[in-house]
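# Commentary on secondary and tertiary structure
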Amino acid sequence: MPTPVAPTDPPSAVAGPLAPGEHSFRLGGITQRYHVHGTGPVCVVHPGGPGLFWDHLRVPALERHLTMVYVEPIGTGGSGRLPSHPHGYTRDRYSRFLQVLINRLSTGMVHLLGHADGALVAAHHALQRPERLAGVILYEGTPEPGPEQGLPDGGRRAAYISGLDEDLRPLRAGVPPGLAAVRLPTLVITGRNTSGDAYRRARELHEAVPGSRLRTAGSEVAHIEEPGRFSRMVHDFVLETIAHDVRADRSLPGVGRA
């Protein structure tokens, strides 16, 4: 995977929240960092783990078609940590930071892509805070926690995030309940070579969300091993969603660029 380019753009306060490069804001005294690359309709990306760094999910092939807004989740990298770190990183807390970020972008409707545990965060967000979402992409929706030090497989970096809330109670595992109420266009992506649990989780997500589409790649890390195929799946879904919204006379300011 290419090494992310160090930002050389003006500060976000001057250049705007969608200027290429690194940006940050604060919520409740905690810094949330994010990175912008590419051009086109806006797709916000939440990585997995929980705890994987944002650059594991960078997809340069998609940046040729979409403005990719990569979230650096709180508790990882240059983003801030909760006072209860490594505990307290609930899906709802991630979702609240996502909502502030999406509102800051001032670009109308956006698409949301989540990977691994990030897919379950995205599913929760689609259920609880769907107002600014044009569609959601759930990619390999299964948790994959990693150790504090760098992971050996492919150079992935991760921070340790526990499975407990700030009161040291276990977080809810599995597919978020209530997804039958989701009314957003939804794409579920999994790989043929994934573990049985990962494929089962993808099927559960697909069956839980009415009208969702299930697409299968050849690898559980298709964004790395099959970037062209993965990019086409996501880009085609985004364009079809935008076309559907245009036909339905639903305004998508800021995301209509080809």
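Scoring rules and cut-offs
- Residues numbered from 1 in each chain as written.
- Predicted model: local features only at pLDDT ≥ 70, side-chain atom pairs only at ≥ 80, totals over all residues.
- Heavy atoms only, no water.
- Helix = DSSP H or I, 4+ residues; strand = E, 2+ residues; numbered from the N terminus.
- Buried < 20%, exposed > 50% of the residue type's maximum accessible area, 1.4 Å probe, protein only.
- Contact = heavy atoms within 4.5 Å.
- Expected span 1.5 Å × (residues − 1).
- Axes fitted to C-alpha atoms, helices over the stretch in contact; angles between N-to-C directions.
- Parallel < 35°, antiparallel > 145°, perpendicular 65-115°, else oblique.
- Left-handed = near helix turned anticlockwise from the far one by under 90°.
- Nonpolar A, V, L, I, M, F, W, Y, C, P; charged D, E, K, R; others polar.
- Pairing = 2+ DSSP bridges.
- Salt bridge = Lys/Arg side-chain N within 4 Å of Asp/Glu carboxyl O.
- Polar contact = N/O pair within 3.5 Å; in protein donor to acceptor, adjacent residues only side chain to side chain.

### A word on the overall build of the protein
The helix and strand inventory of the protein stands at 7 helices and 8 strands. The burial tally for the protein puts 55% of its 258 residues in the buried class. Counted over contacts in the protein with a minimum sequence separation of 6, partners at least 24 positions apart contribute 73%.

### Focus: helix 3 (residues 91-105)
Taking 1.5 Å per residue as the helical rise, helix 3 with its 15 residues ought to reach 21 Å, and the 21 Å between its terminal C-alpha atoms agrees with that figure. Looking one or two residues past helix 3, Ser-106 carries a phi angle of roughly 50°, positive in sign.

### Some points on the packing of helix 3 against helix 4 (residues 117-128)
With their axes 9 Å apart at the nearest point, helix 3 and helix 4 run at an angle of 70° to one another. Our classification of the angle between helix 3 and helix 4 gives roughly perpendicular. Where helix 3 crosses over helix 4, the handedness of that crossing is right-handed. Residues Arg-91, Asp-92, Tyr-94, Ser-95, Leu-98, Gln-99 and Ile-102 of helix 3 pack against Asp-117, Leu-120, Val-121, His-124 and His-125 of helix 4. Of the residues contributing to the contact of helix 3 with helix 4, the split by class is 5 nonpolar, 4 polar and 3 charged.

### What about the sheet that holds strand 1 (residues 21-27)?
As summarised here, the arrangement of the 8 strands in space is 1-2-4-3-5-6-7-8, forming an open sheet in which the pairing is mixed. With partners counted over all chains shown, the strands left at the sheet margins are strand 1 and strand 8 (213-217), one partner each. Taking each pair of neighbouring strands and ignoring which way they run, the sheet shows an average axis angle of 25°. Strand direction decides the pairing type here: strand 2 (residues 30-38) and strand 4 (residues 67-72), joined by 6 bridges, are antiparallel. Across the sheet, residue Gly-38 finds its bridge partner in strand 4, namely Thr-67. Seen against the sheet, helix 3 touches strand 1, strand 2, strand 3 (42-46), strand 4, strand 5 (110-115) and strand 6 (133-139) and runs at an angle of roughly 120° to strand 1.

### Concerning the pattern of salt bridges
In this structure the tally under the stated criterion is 13 salt bridges. Put simply, Glu-63 and Arg-58 hold a salt bridge, and the shortest N to O gap is 2.7 Å. Taken as a pair, Glu-63 and Arg-58 share a single burial class, namely buried. Arg-213 is paired through a salt bridge with Glu-240; the nearest N and O atoms lie 2.4 Å apart. In this pair, Arg-213 is assigned in strand 8 and Glu-240 in helix 7 (residues 227-247), connecting sequence segments 27 residues apart. Here the salt bridges do not stand alone but share partners, grouping Asp-92, Arg-96 and Arg-129 into one network.

### With respect to the side chain of Thr-241
With respect to the secondary-structure elements, Thr-241 resides in helix 7. The buried category is assigned to Thr-241, whose relative accessible area is 4%. At 2.7 Å, the side chain of Thr-241 forms a polar contact with the backbone oxygen of Phe-237.

### Describing the side chain of His-35
Tracing the backbone through its elements, the reader meets His-35 in strand 2. Exposure remark for His-35: the relative accessible area of 7% places this residue in the buried category. A polar side-chain atom of His-35 sits 2.6 Å from a polar atom in the side chain of Glu-72. Contact partners of His-35, with chain neighbours within four places excluded, come to Gly-21, Glu-22, Trp-54, Met-68, Val-69, Tyr-70 and Glu-72.

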